Number of protein chains: 2
Amino acid sequence: MNASRTARERVRAELIREITDIARRQLATEGAVGLSLRAVAREMGMVSSAIYRYFPSRDDLLTALIIDGYNALGEAVEHADAACARDDFAGRWLAVCRAVRTWALAHPHEYALLYGSPVPGYAAPQDTVAAAVRDTAVYGRIVAEAHRAGRLTPPPICPPPPAIMAEDAEVVRSLIPDVPDDVVTRAIVAWTGLFGMVSFELFGQFNNTITHRAELFDHNMTCLARLLGLPE
Amino acid sequence: MNASRTARERVRAELIREITDIARRQLATEGAVGLSLRAVAREMGMVSSAIYRYFPSRDDLLTALIIDGYNALGEAVEHADAACARDDFAGRWLAVCRAVRTWALAHPHEYALLYGSPVPGYAAPQDTVAAAVRDTAVYGRIVAEAHRAGRLTPPPICPPPPAIMAEDAEVVRSLIPDVPDDVVTRAIVAWTGLFGMVSFELFGQFNNTITHRAELFDHNMTCLARLLGLPE
DNA sequence: AGCGATTAGAGAGCAGTGCTCTTGACGAAT
DNA sequence: ATTCGTCAAGAGCACTGCTCTCTAATCGCT
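As the structure is a computational prediction, the values presented were derived from the model and not from experiment.

**Structural notes on the state of the cysteines**
Inspection of every chain in the model, using the stated rule, returns two disulfides over all chains. Note that Cys158 of chain A is cross-linked by a disulfide to Cys223 of chain B, the S-S spacing being 2.5 Å. Within this pair, whereas Cys158 of chain A is found in the loop between α7 (126-148) and α8 (166-172), its partner Cys223 of chain B is found in helix α10 (residues 213-228), the two belonging to separate chains. Owing to a relative accessible area of 0%, Cys223 of chain B belongs among the buried residues under this scheme.

What follows is the structure, encoded as structure tokens:
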């Protein structure tokens, strides 16, 4: 009985996989608003209403794609970090930044789904936040390890963070353990700077303006690394 | 004859204004994807097809809203800058940053239209880029004036910008005149950092994580100002 | 003042969407 | 062998952007 149940479950899981695959392909070509359940069904040779057996609504399909996207980006970031020497903290940071940019350029619509304007009326369920921190954790680990190794020497240019932010830092601390508050705030500056840069490039803010984007990206990420206090 | 022509033109302009007003209100409540020409027509007591006399397509209406948005943001930024002492460059930068954030929080959907994921299949026409640089010009002016006044003393932490970027800097130079390349690249770091921060807050990346957002924002913008080399 | 040309609005209609409900068939457990 | 839950299918609702045709009003000019 158990075997038969899993047989049914298996074909069900296979169908869900196929649906998300087709949906991801559609997302890549048409974007999030062009994602159509009917089109997915058509491509599968199903009738549209049958899809609702597997995803109760379009938003649920979007949620699945979002989680997949966070995991794909997280994986790319983890690989980039793993390929570096552990004590080359600046190199790890730059590798992580490049991995984010490369993945985003390769999957622009998925990136937009993760870091672009939220789809109105769509509230990201709690499932997504777990996947969302995957890449952030990598990069928090780099900062934390650099700090622990005594290799974090931030230039004395930032004002001390307001005391009120200690609580927030508390929440963030699970991602960047055992670092002082001012390291946390600098890390947030670098973090938002990274994604601000990638988003600007991807969302067209550099059009007609900046052409040597890879070079500028590397340079700016290095500036942020210095602000963070990463060595070299 | 001129008067009568303008009579017709006037009612036409009035209707266009009314359409964009209703559309903007709809945008504010429903978001860009919820913007419906039929709903606008319904609210105006018109039939849907009549709208097409004024906006040949939904994208054209969106374009009008985008241009209006850039101008509204630009105006807010200009006002914030104008309220500061001309030689208080750090104060002007922070005021501009706050103006962007305040405007974005007050008009989240419009901000998303300007700086969020681009609507797929929608290519921003050239008209929008002219309006888009309005706020950027303000902020480039602050940096340029600080540099000209000899008040720009960037900390020696950034590597020199790659020579290849000189051409890009050339293009940007109209917005930040008469500054060396490394000032331009630092300015881009600060610029992307500002919008990266605002976008993260608005697009939900700080949810369940950072609560004292105004304080963190001010602090981080000050860090970026120091990186830029703005005094005080 | 009146006539021809231009413009505005109304309505029907097409193709597409997300989603719901009902119907009939199949396979598994009793 | 029969009951029961699952599944695909189809019809249908309300909505979208957009195009067409037709009518009525308005404007410019003689």
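**With respect to the relation of the copies chain A and chain B**
With an RMSD of 0.1 Å, the fit of chain A onto chain B corresponds to turning through 180 degrees and sliding 0.0 Å along the axis. As the rotation angle and translation indicate, the two copies are arranged about a two-fold axis. Measuring from the rotation axis to each C-alpha of chain A, the shortest distance belongs to Gly196 of chain A, at 1.8 Å. The fraction of interface residues of chain A whose copies in chain B are also interface residues reaches 100%, indicating that both copies meet through the same surface.

**Topic: the protein's contact with DNA strand C**
Arg38 and Arg42 of chain A together with Arg12, Arg53 and Tyr54 of chain B are the nearest of the 21 residues found near DNA strand C. Each atom of DNA strand C within 4 Å of the protein was classed as base or backbone; sugar and phosphate made up 50%. A distance of 3.1 Å is found between a phosphate oxygen of DNA strand C and a side-chain nitrogen or oxygen belonging to Ser36 of chain A. Counting residues per element, the ones that place at least two in the surface near DNA strand C are α2 (37-44) and α3 (48-51) of chain A together with α1 (2-30) of chain B. Its residues placed into classes, the surface near DNA strand C shows eight nonpolar, six polar and seven charged.

**Observations regarding the UniProt feature "DNA-binding region" (unreviewed entry) in chain A**
Annotation from UniProt places "DNA-binding region" (unreviewed entry) at residues 36-55 of chain A. Between the C-alpha atoms that bound residues 36-55 of chain A there is a distance of 13 Å. The span itself is 60% helix and 0% strand.

**Considerations on the interface of chain A and chain B**
As a measure of interface size, the accessible area lost when the parts come together is often cited. Between chain A and chain B, the contact holds 54 residues from the first and 54 residues from the second. Between chain A and chain B lies a buried interface of about 4600 Å² when both sides are counted; carbon and sulfur atoms form 73% of it. On the chain A side of the interface with chain B, the three residues burying the most area are Phe200, His212 and His219 of chain A, jointly 13% of the side's total. Connecting chain A to chain B are zero salt bridges. At the surface where chain A touches chain B, the tally comes to eleven residue pairs in polar contact (both at pLDDT 80 or more). Among the elements that make up the side of chain A that touches chain B, the one with the highest residue count is helix α9 (residues 181-202) of chain A (ten residues). Counted by class, the side of chain A that touches chain B contains 32 nonpolar, 17 polar and five charged residues.

**A few points about the side chain of Thr136 of chain A**
For Thr136 of chain A, the location among the structural elements is in helix α7. Excluding residues within four positions of it along the chain, Thr136 of chain A makes contact with Leu175 and Trp191 of chain A.

**Quick word on the side chain of Thr209 of chain A**
Position of Thr209 of chain A relative to the elements: it lies in the loop between α9 and α10 (213-228). Side-chain polar atoms of Thr209 of chain A contact the backbone oxygen of Asn207 of chain A, separated by 2.9 Å.

**Comments concerning helix α4 (residues 58-82) of chain B**
Here α4 of chain B contains 25 residues, and its C-alpha end-to-end distance of 36 Å stays within 8% of the 36 Å for a straight helix at 1.5 Å per residue. Where α4 of chain B begins, the side chain of Ser57 of chain B points an oxygen toward the backbone nitrogen of Asp59 of chain B, at a separation of 3.2 Å.

**Digging into the environment of Asp182 of chain B**
All names here are of chain B. Along the chain, Asp182 turns up in helix α9 (residues 181-202). Residue class for Asp182 comes out partly exposed when judged on its relative accessible area of 25%. Expressed as a C-alpha distance, the spacing of Asp182 and Ala76, which sit 106 residues apart in the sequence, is 28 Å.

**Details of the pattern of salt bridges**
A side chain of one charge can pair with a side chain of the opposite charge when the charged atoms of the two come close. Scanning the model with the defined rule gives 24 salt bridges over all chains in all. A salt bridge links Asp21 of chain B to Arg17 of chain B, with the shortest nitrogen-to-oxygen separation between them at 3.4 Å. Taken together, the residues Asp21 of chain B and Arg17 of chain B, both in helix α1 and four residues apart, mark about one turn of the helix. When the shortest N-O distance is used, the salt bridge between Arg101 of chain B and Glu201 of chain B registers 2.9 Å. Note that Arg101 of chain B is positioned in helix α5 (residues 89-106) and Glu201 of chain B in helix α9, a separation of 100 residues in sequence. Accessibility expressed as a relative area gives 14% for Arg101 of chain B, which makes it buried. One connected set of salt bridges, linked through shared partners, spans Arg17, Asp21, Arg24 and Asp68 of chain A.

Reading the values: the criteria
Residues numbered from 1 in each chain as written. Chains lettered and ligands numbered in written order. Predicted model: local features only at pLDDT ≥ 70, side-chain atom pairs only at ≥ 80, totals over all residues. Heavy atoms only, no water. Disulfide = S-S within 2.5 Å. Helix = DSSP H or I, 4+ residues; strand = E, 2+ residues; numbered from the N terminus. Buried < 20%, exposed > 50% of the residue type's maximum accessible area, 1.4 Å probe, protein only. Least-squares fit on C-alpha atoms with pLDDT ≥ 70 in both. Contact = heavy atoms within 4.5 Å. Near = heavy atom within 4 Å. Polar contact = N/O pair within 3.5 Å; in protein donor to acceptor, adjacent residues only side chain to side chain. Nonpolar A, V, L, I, M, F, W, Y, C, P; charged D, E, K, R; others polar. UniProt positions renumbered as here; feature names shortened; annotations may be inferred. Buried area = accessible area lost by both parts, 1.4 Å probe. Salt bridge = Lys/Arg side-chain N within 4 Å of Asp/Glu carboxyl O. Expected span 1.5 Å × (residues − 1).

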